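Structure at a glance
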Amino acid sequence: MPGAATVSADGARALLRPDEWPIYVVGLTGGIGSGKSTVADLFIERGAALVDTDAIAHSLSAPGGAAIPMLRERFGEQVLRADGGLDRAAMRQRAFSDPLARQALEAILHPLIRSESERRIAVATAPYVIFAVPLLIESGSYRARCDRILVIDCQPQTQLARVMARSALTETEAQAIIAAQVTREQRLALADDVIDNDGPPAALPAQVDVLHRFYLDAASTKVKLKS
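Residues numbered from 1 in each chain as written. Predicted model: local features only at pLDDT ≥ 70, side-chain atom pairs only at ≥ 80, totals over all residues. Heavy atoms only, no water.

What about helix H3 (residues 68-75)?
- Among the residues making up H3, those that are buried are Ile68, Leu71 and Phe75. An end-on view of H3 places all buried positions within 60° of arc, on one side of the element.
- In this structure, the buried residues of H3 make contact with helix H2 (53-60), helix H4 (88-97) and helix H5 (99-123).
- In the segment just after H3, Gly76 is the residue with positive phi, at about 85°. (Buried < 20%, exposed > 50% of the residue type's maximum accessible area, 1.4 Å probe, protein only. Helix = DSSP H or I, 4+ residues; strand = E, 2+ residues; numbered from the N terminus. Arc of directions from axis to C-beta. Contact = heavy atoms within 4.5 Å.)

Re the sheet that holds strand E4 (residues 148-153)
- If you walk across this open sheet you meet the 5 strands as E2-E3-E1-E4-E5, and the pairing is parallel. Unpaired on one side and paired on the other, strand E2 (49-52) and strand E5 (193-196) mark the two borders of the sheet. Mean inter-strand twist for the sheet, computed between neighbouring axes without regard to direction, equals 25°.
- Sheet analysis places E4 next to E5, joined by 4 bridges and oriented parallel. The partner of Asp153 across the bridge, within E5, is Asp196.
- On top of the sheet, H2 reaches E2 and strand E3 (128-132); it is set at about 55° to E2, its chief contact. (Pairing = 2+ DSSP bridges. Axes fitted to C-alpha atoms, helices over the stretch in contact; angles between N-to-C directions.)

Some thoughts on the pairing of E4
- Taking burial as the measure, the 6 residues of E4 include 6 buried ones, the bulk of the element.
- Of the two faces of E4, the one lined by Arg148, Leu150 and Ile152 and the one lined by Ile149, Val151 and Asp153 are each fully buried.
- Two strands pair when backbone bridges link them, and strand E1 (residues 24-30) and E4 are joined in this way by 5 bridges, in the parallel orientation. Bridging from a neighbouring strand, Gly30 pairs with Ile152 of E4.

Points about the packing of aromatic side chains
- Across all of its chains, the model carries 5 aromatic pairs by this definition.
- Measuring from ring centre to ring centre gives 5.6 Å for Tyr128 and Tyr215, while their planes differ by 65°; the resulting arrangement is edge-to-face. Pair noted here: Tyr128 is in strand E3 and Tyr215 is in helix H10 (residues 204-226), with a separation of 87 residues, a long-range link.
- Judged by centre distance (5.9 Å) and plane angle (75°), the ring pair of Phe214 and Tyr215 falls under edge-to-face.
- A relative accessible area of 22% means that Phe214 is categorised as partly exposed.
- According to the relative accessible area criterion, Tyr215 is buried, its value standing at 0%.
- One aromatic cluster in this structure is built from Tyr24, Phe43, Tyr128, Phe214 and Tyr215.
- The side chain of Arg102 reaches across the aromatic face of Phe96, ending 5.7 Å from its centre. (Phe/Tyr/Trp six-rings, centres within 6.5 Å; stacked < 30°, edge-to-face > 60°. Lys NZ or Arg CZ within 6 Å of the ring centre and 35° of its normal.)

Side note on the confidence of the model for the protein
- On average, residues of the protein score 88 in pLDDT, and 89% of them are at 70 or above.
- Here helix H6 (residues 136-139) stands out as the element of the protein with the lowest mean pLDDT, 84, in contrast to E2, whose mean of 98 is the highest.
- In the model, residues 1-14 has pLDDT below 50 throughout and makes 40 contacts with residues more than four positions away in sequence or in other chains. (pLDDT = per-residue confidence, 0-100.)

Some details on H2
- Among the residues of H2, those classed as buried are Thr53, Ile56, Ala57 and Leu60. Down the axis of H2, the buried set is contained in an arc of 100°. They therefore lie on one face.
- In this structure, the buried residues of H2 make contact with E2, H3, H5 and E3.
- For H2, the side-chain oxygen to backbone nitrogen distance between the N-cap and Asp54 is 2.8 Å, and the N-cap itself is Asp52. (Polar contact = N/O pair within 3.5 Å; in protein donor to acceptor, adjacent residues only side chain to side chain.)

Points about the environment of Glu106
- Structurally, the position occupied by Glu106 is in helix H5.
- In sequence terms Glu106 and Ala95 are 11 residues apart; their C-alpha atoms lie 9.7 Å from each other.

What about the nonpolar core?
- Membership of the largest hydrophobic core comes to 36 residues, with the highest contact counts inside it found for Leu71, Phe75 and Phe131.
- For this core, the elements supplying multiple residues, two or more each, are E2, H2, H3, H4, H5, E3, H6 and E4.
- The leading source of residues in this core is H5, at 7 residues.
- Setting aside residues no more than four positions away along its own chain, Phe75 makes contact with Met91, Arg94, Ala101, Ala104, Leu105 and Ile108.
- The next biggest cluster of nonpolar side chains, apart from the first, holds 19 residues, and it includes Tyr24, Leu42, Leu204 and Ala219. (Core = buried A, V, L, I, M, F, W, Y, C linked by side-chain atoms within 4.5 Å.)

What follows is the structure, encoded as structure tokens:
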């Protein structure tokens, strides 16, 4: 694995190891409100493929989604909307107030997410994949299955303000969600690369450009080594 490039300003079968993928995989993560989606979109504009576990989770829990029958059986109709999809607000409140409910939710969703993530990575045809996993560090297993870990970082006060504004949450509610994730220090300690998203959106493209070139070179090297 190349040296660090830092830019400032159980059910389903396991995902493959990085050396088993036919494509270079960059695990993108960061705390809630750090701007992961914004940064991922910039990489996609430059030609990377995106595999987003949050988007997969949404599709699994949408009306008719593969997880809905198991969610209904485990939690009942009270966590479903009128259209049959998961009421995410109700489920979030229950999961945060009841550790057993959270474990049960993860036991249902995580194997399905991993299986679909594996499928999407396997069929990707871009030079490299941005594998967006909000809880990548927390999950542990994903860390060993990426060629590179990219953390989107910002100051705690910036993160708190963004979470409150985006989700119309009180400070207490936002702090509870942030506290349920690993600390900023833990996340940065495991990062190969870091993008600073504490400033305006205009500061992001130059940082993404640097890493995009880095990942293209690394992806090319990986392909040569496997051929």
